[in-house]
Amino acid sequence: MAFVLGQPDAASARKSIAVNETRGPATAFEPDDDDDMYSVSEYSTVGRSSKKGNHNDADHYYKATLSKSTLLERLESITMDNTIPGKEITMKTENGQIKEDTSPEGSNDNTGDLGAFPPEPEDVYAPMPSSFTTFAQTRFQMKIPPTYCCAALQQPLLPKQDKRDHLASLSAWIMVLRIMGDLPEPDMSHILQLPGDHPQVISRVKEAFKKRYTKKEIEEAHKNYSELFKNPMSEMTDLPFISDGRESMLEKVQYVCAMGIYRTDLRDELYCQLCKQLTNNPSRNSMMRGWVLMMLLAGCFTPSEKFAPCFETFLRDGPAEYAQKVDRILRRTGLVGTRSFPPSWLEFQAAKNSKPILIPITFMNNDRLLLEVDAASTVKELCWQICEMVDIKQKQGFSVYICLQQKISCLGHGLHRILDAISECEQRTRELGMKESSALWRLYFRKEYFTPWHDAKLDPAGTDVIYQQIMRGISLGEYKCQNEDMYVLLGAQKYYLEYSDQIDETQLDFLAKNWFPKIWIEEFGSGYFVKKVMDAVKTNFSKKQRSKESIKMDIVTFAIDKWSLLFSRFYDATKFVGAGVGWADIIIGLSGKGMCVLDDGDAIRIQIPFYEMSKVKRTRQSVVLSTFKGEEYTITTHHSEDLNRILCSFLYGLRMRSRYAIVMLDSKQLEAASGLNVVRGDLIILDQPYEVFKHKDLYRGVCKRTGKSCDIPRDLVYIIQTVNEPTIDILGMFVVQFQKDLASFTSADNEPPHTLQAYSRLHFRQATENPVSKLFKSSFKRDKNETTWQFSKESLKKPLLRRTITREDLKSVACRCFTAIQQFMGDASLKEDITEKQLVTDFIIDPTRRNRYLREEVFCQLMKQLTNNPDRSSEMRGWQLMMVLCTTGIPTNELVDELQKFFRTRKDSPAAHECVSRLATCSEQGCRHYSPQDIEFDMLATKQPTIRIQIVIPDGTKQTVEVGALTRIIDIKREVCKRLDLRTSEEFSIVLCVNKKVHALSPKSYYFDCLGHADNFWIPRKHGYSSGTEPALVILKKIWVNSEPGIDSVADSTFHFPQELPNYIRGYHHCSVEDAIKLAALVYRSRCGSDKGGLSQFSEIASSLLPNPLLKTDSMEHWQETVSKCYNDNDSVPLTSDAAKTEFLRILSKQPTYGCVFFEVKQRTRKEYPKNIIVAINMRGLHLIDAKTQKILVTYDFQKIPNWAYDEDSLTLVIVEGSQTNKILLETQLGHNMDDVLMSYIGWLMNDQMRRKQGFSGYPIGESHC
């Protein structure tokens, strides 16, 4: 794994050292000077090589693939010989007409016909194209071959209904050829181009599609397109969707991506054009450029369901080093949805250099952290990732802010793509006349609002982050106190936390000047406040020694109460109507204390606490809030979905955590409560939170009035939505409402099972009836229409949802999904030639994973089949399928609310409770990317939540770990490290060993997803596993930091020693003879202890005690004598086995290669070095070692390795040596492992540097003032 650093600071915008002698994607794009201001290492200070001089960029670009003359000759030859078997095409462009002469078998006289796809087959299981070649043969127009070609397209590959899409497809073909280097560009070197000359890419695309094109204009465009291919160097400015050629490579890529983002009908066309150019492509550079563009497209949008299965097959058959990256991002894009902006400069550099993206996040406590993201990373995922790394327990309420040019915007913690925000910042920067690489954006992590149940004591890490934010906010005037005494007390606490109780007037003076308002300092002087703070420190902390954690908790609790309005999520609302009020253009604030309405002057108009709220429901653009007082408020806002989501989560969370109930009726009025001495209005304090009692008929608690413990029937009390004890006024309010309308307080736990009946009225398609059927309506017909939201044995002829039925490519797929659901549940017969796994994977899970509309459709279909299902077996199978669906996709928030109600109102179903848990986990951690494995279907059938797997430890032992559907690799790693009692788990990694290769597994990935990925890309599809090499999970020490022998004895014996011993035996460490003898004696003692019997048979064990190269330098008798003597000399104070291992590591740790990962490679770049060398990587850098003598030839620290690239046969390093930049080409098939180790060390070092950099807290820097 490697990285791209997204560094927003101007100082970090370095020139890159692109790899131009490797077979990696960076090679092909290197000469594009506009986009190469990039360094793979944050601390690289090397600029672009001066050898480039003032050469023409265009010449360099052509040399990246083919020379200009060769390319033109190749284009001409292809254009002259463009014969398709079975169809002879002759192009004539006289008078703007394009004619086509074909043989009778393939006659198609109307070449201008922009027809649609062929009609869908009636049979839902009709065979669909299974490969790109088959798809092209059945769907491409004019029998265009599905292979590489540089000639002009006479028609788009796929039929188009819209004329604009038709022209855009042809222009996209030209752009794709230019990006891939297969079509030269006009020479624009004579034109001066400045950043910001062109409007934004999105604007240009939208403007191009706004124009209406006539038939004559289309014919003229065809003529111009043909002329362009005859003379590609000519300047043509009148072509639709084609610019004048002055844009950079990044802008070309953005333009192609933007066309697919803006027009759904172009997405399959773009993917097909790329697949065509990647099939039988003779140019290595062209192919690599194509895969880079494919990766960027996959991060923007997904293909339609008509092409998606073929495209996945295309990826599985493609080169694994590129295809697996495209596959991963494509799966994530299907779950997240289409993005809003084209790829940023940062993403382009990442794809070009085959590196992931690291972006810096700034905390309010001076810390900065580098996080890995991709094109599909959402703000919600980023917040969760930050909380995981910092160990923040209470994650809700933290948000990400982005700053550009001293303007800050809150991105929240929702589904907004983080790289969309960065791309927008780059677009704004370009408008200001600067390059995208100069965009000075910053990302901040802050607490936006508190949940009503926030408890600072439960989250020390989160409390520390919030404390720093509060203190910094006070010093900058963001949070203001009403009086001087409060400033003094908080200042004293700050001083005590930072400097303890030792008084230092210099430090106090510095604190006073940066803490108190400047107006006060000017009026009273800093000395006045120094004395005040000094007295407060002596009074509060000189005698009472309090822990720093408790003081921070008190400050955070104070802030929750004092500045609740400032810690709120705000919404712009166009209308607020209800209870005799009606306001327009107001602001809604949602905090931990309730909801408030503010006017333009931030004055509070009305405030509604949570305990008064009874019901919340949402329409399309509004939220309707009902209270127990009988009031109803309608809030109209564009953010109704988010407002409804947070309100509902607050109310539900308060109810589950509440321990306070109020008696609704006197005990005499309820037969089940006879004998209880409680009356209406009594407060019952429950023994445990309501969440424990919610499925019980009796609640255990204490009546506050009588002080007696009692068991209260659930129908007698109402749970108050609060975590604080309600006041007498609140209880009185409830008593009054009980007398007015007791029915509105009916417990929500008595609700009947929730159905989609109400949801179907708004979102399901309306039944279509012809005039005849309307005349003969009967009661049977009406009853039949009522079953659209509940179980039915009849198959679907049309999709359920309106939004699905309007999409032609989804209609038949949706019906096919429903049939598959019926077949899996046993309500329809299953074909004999298809397995259950195939049925679920191919016809349910994969379509829903790829398309959000199908995802909602299938969830509705399954809820329908689980509603009033008369067959117990069918219902059980349906719940099994629902559990699988809840791990592979999450519908929109509106349907999620319906889904959660559907689950929660089925209290007697364990499967429903499991679905709630899986839905919550996927909402936080992300969904599965692959369909369930075979073993998971067995787990569902046998009702096993987990299975046991074995993790191999380097010392030869194994750990058995239980894994479930949502177990991540990092969970397995932490569990193993916890069992072994290791000090940390960060430096370890889990790898998958399969077919004699080692693949590092991403810590964030789910275990079963890793198996699915291995099946697709790491295991040959034809041959399967090699004999005797079943896949094995191994945990290894990857990053050898904090690995000094003796610090962690468990790690020494289980990881360090068994991992270092093979390297020592192979002779990779250049040890002296004396050290080798000592090490051999220690190895023997670690195995045999005080038993000397094995030394008598030294020849049999010598190869496992001494370095093999050293063993050949002398006789066996000599080595037996010297090792035995060394062993006997230490026998006076015999070491234990673990102590011998530690001593072995202590001697070996003096070697510069201690903790290295070694790779045997070949090199021909450096004549002064031997052909066979060993590459060793550890914390000190990268070492090149002579394979014969084991002497280190040279060591490069990571600062001197700004970039590298690898493919299946080699890895090329870019090395900075003084003022020169050189390349070293290494022949190896382990490039992916070297890349992973290099990235791991550099990523760790970069994060370590980030933590050490000087922060900005306490200083009023404008851009960081949130």
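No experiment lies behind these values; they were computed from the predicted model shown.

Visitor: What's the story with the overall build of the protein chain in this structure? I'm lost.
Guide: A count of helical and extended segments in the protein chain gives 44 helices and 30 strands. Counting across all 1266 residues of the protein chain, residues that qualify as buried make up 56%. Contacts spanning at least 24 positions in sequence make up 68% of the contacts within the protein chain whose residues lie at least 6 apart. Counting every atom, the protein chain has about 55400 Å² of accessible surface; 49% of that belongs to carbon and sulfur.

Visitor: Help me out: how do you make sense of the nonpolar core in this one?
Guide: In terms of nonpolar packing, the biggest core is built from 175 residues, with Trp291, Met294, Phe311, Ile359, Ile418, Phe445 and Ile972 touching the most fellow members. Beyond its immediate stretch of four places on either side in the chain, Ile418 contacts Ile359, Val373, Ser377, Thr378, Val379, Leu382, Val400, Leu411 and Leu443. Of all hydrophobic cores here, the second largest spans 63 residues; its members include Phe1098, Val1175, Trp1204 and Ile1215.

Visitor: How do you make sense of the sheet that holds strand β17 (residues 709–713) when you look at a structure like this?
Guide: Adjacent strands of a sheet pair through backbone hydrogen bonds, lying either parallel or antiparallel. Pairing is antiparallel in the open sheet, where five strands are placed in the order β17-β16-β15-β14-β18. Every interior strand has two partners, whereas the edge strands, β17 and β18 (717–719), have only one. Across the sheet, the axes of successive neighbouring strands diverge by a mean angle of 45°, strand direction being ignored.

Visitor: Would you take a moment to explain the pairing of strand β5 (residues 407–412) for this structure?
Guide: As a general feature of sheets, a regular strand has side chains that alternate between the two faces. Taken together, the five bridges between strand β4 (residues 398–404) and β5 define a ladder with antiparallel strand orientation. From the neighbouring strand, Val400 faces β5, where its bridge partner is Gly412. The antiparallel hairpin formed by β4 and β5 contains two residues in its connecting segment, where Gln405 sits at a positive phi of about 55°.

Visitor: What am I meant to see in the pattern of salt bridges here?
Guide: Pairing is possible between side chains of opposite charge, provided their charged atoms come close. Tallied over the full model, the rule gives 58 salt bridges. For Asp391, the salt bridge goes to Lys393, with nearest N and O atoms at 3.0 Å. Residue Asp391 is classed as partly exposed on the basis of its relative accessible area of 45%. Lys393 gets classed as partly exposed once you look at its relative accessible area, which sits at 48%. Arg428 is paired through a salt bridge with Glu431; the nearest N and O atoms lie 3.9 Å apart. With a gap of three residues between them, Arg428 and Glu431 both fall in helix α15 (residues 418–431), about one helical turn apart. A cluster of three or more residues bridged by salt bridges with shared partners is formed by Glu305, Glu312, Asp846, Arg849 and Arg850.

Visitor: Got a minute to help me understand the environment of Leu1111 in this structure?
Guide: Tracing the chain through its elements places Leu1111 in helix α41 (residues 1108–1111). The class for Leu1111 is buried, based on a relative accessible area of 15%. Along the primary structure Leu1111 and Ile1065 are separated by 46 residues, whereas in three dimensions their C-alpha atoms are 9.8 Å apart. If we skip the residues at most four places from it in the chain, Leu1111 touches Ala1102, Ser1103, Leu1106, Met1116 and Trp1119.

Visitor: What am I meant to see in the pairing of strand β8 (residues 581–591) here?
Guide: One ladder, built from nine bridges, connects strand β7 (residues 569–578) with β8; its direction is antiparallel. Its bridge partner lying in β8, Phe570 is registered against Gly589. The turn joining β7 and β8, which pair antiparallel and follow one another in sequence, is formed by two residues; a positive phi near 55° is taken by Ala579. Note that β8 and strand β9 (residues 594–598) share five bridges and pair antiparallel. Bridge assignment links Ser591 to a residue of β9, and that residue is Gly594.

Visitor: Where do I start with the confidence of the model for the protein chain in this structure?
Guide: Low-confidence regions, as indicated by low pLDDT, have predicted coordinates that should not be scrutinised in detail. Residue-level pLDDT values for the protein chain average 83, and 84% of them are 70 or greater. Here helix α2 (residues 57–63) is the element of the protein chain with the lowest mean pLDDT, 30, and helix α9 (residues 267–278) is the one with the highest, 96. Residue range residues 774–785 is modelled with pLDDT below 50. Its contacts to residues more than four positions away, or to other chains, number six contacts. Low pLDDT, under 50, characterises residues 1023–1028; the stretch is placed with nine contacts to residues that sit more than four places away or in other chains.

Visitor: It is not clear to me how the sheet that holds strand β23 (residues 1032–1037) should be interpreted in this structure. Could you clarify?
Guide: Within the open sheet, the five strands sit side by side as β20-β19-β23-β21-β22. Their pairing is mixed. Only two strands of the sheet have a single neighbouring strand rather than two, namely β20 (958–963) and β22 (997–1000). When strand polarity is set aside, the average angle formed by the axes of neighbouring strands in this sheet is 40°. With two bridges connecting them, strand β19 (residues 947–952) and β23 associate as parallel partners. Counterpart to Val952 in the pairing with β23 is Val1034. Helix α38 (residues 1049–1066) rests against β21 (988–994) and β23 of the sheet, and its axis sits at about 95° to β23.

Visitor: Hey, could you run me through the packing of aromatic side chains in this one?
Guide: One pair of aromatic rings is described through two measures. These are the centre distance and the angle between the planes. Counted under the stated rule, the structure contains 52 aromatic pairs. Note on Phe1057 and Phe1144: the rings are 5.1 Å apart at their centroids and 80° apart in plane angle, and the pair reads as edge-to-face. Of this pair, Phe1057 sits in helix α38 while Phe1144 sits in helix α43 (residues 1137–1148), and the two are 87 residues apart along the sequence. Exposure remark for Phe1057: the relative accessible area of 6% places this residue in the buried category. Aromatic rings pair up to connect Phe132, Phe135, Phe140, Tyr271, Trp291, Phe301, Phe307, Phe311, Phe314 and Tyr322 into one cluster. Residue placement shows Arg807 over the ring face of Tyr853; its charged tip is 3.6 Å from the ring centre. The ring of Tyr652 carries the charged tip of Arg904 above its face, separated from the ring centre by 3.7 Å.

Visitor: Just to check I follow, could you spell out the packing of helix α10 (residues 284–298) against helix α12 (residues 320–336) for this structure?
Guide: Axis angle and axis distance: for two packed helices, these are the angle between their axes and the distance between the axes, and together they describe the pair. Running from N to C, α10 and α12 point in directions that differ by 15°, and their axes come no closer than 8 Å. On the basis of the axis angle, α10 is roughly parallel to α12. For α10 against α12, the interelement crossing comes out left-handed. Of the residues in α12, those in contact with Arg284, Met287, Met288, Trp291, Met294, Met295 and Ala298 of α10 are Glu321, Tyr322, Ala323, Lys325, Val326, Ile329, Leu330 and Thr333.

Visitor: What exactly am I supposed to notice about the side chain of His929 here?
Guide: Of note, His929 is situated in the loop between α34 (910–925) and α35 (934–941). Residue His929 is classed as buried on the basis of its relative accessible area of 16%. Once you skip the residues sitting within four places of it in the chain, His929 turns out to touch Arg331, Arg332, Leu335, Arg849 and Asp1009.

Visitor: Help me out: how do you make sense of a negative patch on the surface in this one?
Guide: Taken together, the side chains of Asp572, Asp585, Asp600 and Asp602 define an acidic patch exposed on the protein surface. Structurally, the position occupied by Asp572 is in strand β7. For Asp572, a relative accessible area of 54% corresponds to the exposed category.

Visitor: Explanation requested: the environment of Asp1207 in the structure shown.
Guide: With respect to the element layout, Asp1207 can be found in the loop between β28 (1203–1206) and β29 (1210–1217). Exposure remark for Asp1207: the relative accessible area of 2% places this residue in the buried category. For Asp1207, the side chain forms a polar contact with the main-chain nitrogen of Asp1209, separated by 3.0 Å. A polar contact is formed between the side chain of Asp1207 and the backbone nitrogen of Ser1210, at a distance of 2.8 Å.

Visitor: Would you explain unusual backbone geometry in this entry?
Guide: Across residues other than glycine, the phi torsion is negative in most instances, and most of the peptide bonds are trans. Positive phi outside glycine occurs at Lys143, with the angle close to 50°. Tracing the chain through its elements places Lys143 in the loop between α4 (132–139) and α5 (163–179).

Cut-offs applied
- Residues numbered from 1 in each chain as written.
- Predicted model: local features only at pLDDT ≥ 70, side-chain atom pairs only at ≥ 80, totals over all residues.
- Heavy atoms only, no water.
- Helix = DSSP H or I, 4+ residues; strand = E, 2+ residues; numbered from the N terminus.
- Buried < 20%, exposed > 50% of the residue type's maximum accessible area, 1.4 Å probe, protein only.
- Contact = heavy atoms within 4.5 Å.
- Areas by Shrake-Rupley, 256 points an atom, 1.4 Å probe, with all protein chains shown as cover.
- Core = buried A, V, L, I, M, F, W, Y, C linked by side-chain atoms within 4.5 Å.
- Pairing = 2+ DSSP bridges.
- Axes fitted to C-alpha atoms, helices over the stretch in contact; angles between N-to-C directions.
- Salt bridge = Lys/Arg side-chain N within 4 Å of Asp/Glu carboxyl O.
- pLDDT = per-residue confidence, 0-100.
- Phe/Tyr/Trp six-rings, centres within 6.5 Å; stacked < 30°, edge-to-face > 60°.
- Lys NZ or Arg CZ within 6 Å of the ring centre and 35° of its normal.
- Parallel < 35°, antiparallel > 145°, perpendicular 65-115°, else oblique.
- Left-handed = near helix turned anticlockwise from the far one by under 90°.
- Patch = residues over 30% accessible without salt bridge, like charges linked within 9 Å, V, L, I, M, F, W, Y side chains within 5 Å.
- Lys, Arg positive; Asp, Glu negative; His and termini not counted.
- Charge placed at Lys NZ, Arg CZ, Asp CG, Glu CD.
- Polar contact = N/O pair within 3.5 Å; in protein donor to acceptor, adjacent residues only side chain to side chain.

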